[in-house]
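Chain by chain, the residues run as shown.
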Amino acid sequence: MTHLTLQAVTKRFHTAYAVDHVDLAVPDGKLVCFLGPSGCGKTTLLRIIAGLETATSGTVAFAGRDLTHVPANQRDFGMVFQSLALFPHMTVAQNIAYPLRLRRVAKDAQAVRVAELLDLIQLPHMADRPVSRLSGGQRQRVAIARAIASSPKLLLLDEPLSALDAKLREAMQVEIRLLQQRLGITTIMVTHDQREAMTMADEIVVMEKGRIAQVGKPLDIYRNPVSEFVADFIGLGNILPVTLDGTDRIGLPGGQQIIVDAAPRATGATGDVRLLIRPEDVSMRTVMTDRGPNVLAGKVAFIRDVGSSLEATIDCAGFTLTAATTPRETPDLRVGMPIYAELPPHACKLIAARTAH
Ligand code: ATP
């Protein structure tokens, strides 16, 4: 069942469109990430859903009810912002109980619910501690407990992890995702971090200049991006300008031709076209006995070896490629050595080039 529906939602600030005719259906119980670069309209769209911002035009409906003109405090949504906005002078329990107090929930029912939530966020022993004396990750959990205290039907998270260091941030991503799945609460999260979106989301909404560039499951978007913008934003990719000559072969910048499974004519691609191949799909060989059409000769220009994974930059004639592997698989790789890079035809995708405006 679709819970939240946006139809042609548009927000103009003076003459500029922050959100431009967005149509979206968010399914029940799923976690959806709004992902995109700074200024693409993610926060504005989330605030319109929350009722904190009024759309210039378009409608927001939840569970079949039109909410477009319903004020934020009557929407019954839980929210966590970048700043968390906890009350520093209050204890953990008082912070979590705050929305219940606002709703005039009876004192003993409040206590039961707070105890339940403290268990859920694994801080039962910290009920009486002022939030000013918590770690970043603990504060994060309290903010989430407070947002879900009154059992909202929709949870809205605006970059809730951006203040945390990398390691804690990764741990909290898993924690929030597991909690969201356990509660089955429909959640929308804004992030500009593609790895965070890939880790947490059932569906990613990639935004570009106020519009939706692509919606889909994380891996579908990663494997089949619809444009250069999406390909570039989601994960590392080799994106090369290519030339089509009406045959099944495509020309690389250095002049060599390769074949791809999705033949150029079948893609319907017109105008400028790019070849996308992900680094993990490029295989490296030091010796090549049977040199097929998709094998390129090059030289290792740089190696980024971080122990668990290894990325090599390969200088080919006219362009560079990045190949990803592991140190175990390629123990003899050295900078400066000649190398063959193979681009399997099935892993080569043709996509439309980014438009200039
Ligand atoms: P970030 O990741 O940097 O938070 P974002 O994708 O969330 O960015 P928004 O904050 O939604 O982007 O902003 C979208 C556009 O709307 C930007 O160009 C921004 O400058 C503009 N904008 C946002 N709020 C206002 C406002 N109150 N008045 C005028 N322009 C605004």
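Residues numbered from 1 in each chain as written. Predicted model: local features only at pLDDT ≥ 70, side-chain atom pairs only at ≥ 80, totals over all residues. Heavy atoms only, no water.

Draft legend 1. Quick look at the sheet that holds strand β8 (residues 186-191). Strand order in the open sheet formed by six strands is β6-β7-β8-β3-β9-β10, with mixed pairing between adjacent strands. The sheet terminates laterally at β6 (77-80) and β10 (211-216), the two strands that pair on one side only. The sheet shows a mean angle of 15 degrees between the axes of neighbouring strands, direction not considered. Inspection of the sheet shows β6 paired to strand β7 (residues 154-158) by four bridges, in the parallel sense. Note on β7: the bridge partner recorded for Met79 is Leu156. Where helix α1 (residues 42-50) meets the sheet, its contacts fall on β3 (31-35), β6, β7, β8 and β9 (203-208), and the angle it forms with β7 comes to roughly 150 degrees. (Pairing = 2+ DSSP bridges. Helix = DSSP H or I, 4+ residues; strand = E, 2+ residues; numbered from the N terminus. Axes fitted to C-alpha atoms, helices over the stretch in contact; angles between N-to-C directions. Contact = heavy atoms within 4.5 Å.)

Draft legend 2. Quick look at helix α2 (residues 92-102). Along α2, the positions that sit buried rather than exposed are Val92, Ala93, Asn95, Ile96, Ala97, Pro99 and Leu100. Along its buried surface, α2 packs onto α3 (107-120) and α4 (136-148). The first or second residue beyond α2 is Arg104, which carries a positive phi of 55 degrees. (Buried < 20%, exposed > 50% of the residue type's maximum accessible area, 1.4 Å probe, protein only.)

Draft legend 3. Up close: the pairing of strand β17 (residues 310-316). The side-chain alternation of β17 yields one buried face, formed by Leu310, Ala312, Ile314 and Cys316, and one unburied face, formed by Glu311, Thr313 and Asp315. Looking at chain direction, strand β16 (residues 295-305) and β17 are connected through seven bridges and run antiparallel. Bridge assignment links Ile303 to a residue of β17, and that residue is Ala312. If you look at the hairpin formed by β16 and β17, you'll find four residues sitting between the two strands, and Gly307 has a positive phi there, around 90 degrees. Here β17 pairs with strand β18 (residues 319-325) via seven bridges, running antiparallel. Within β18, the residue paired with Leu310 across the bridge is Thr325. The antiparallel hairpin formed by β17 and β18 contains two residues in its connecting segment, where Gly318 sits at a positive phi of about 95 degrees.

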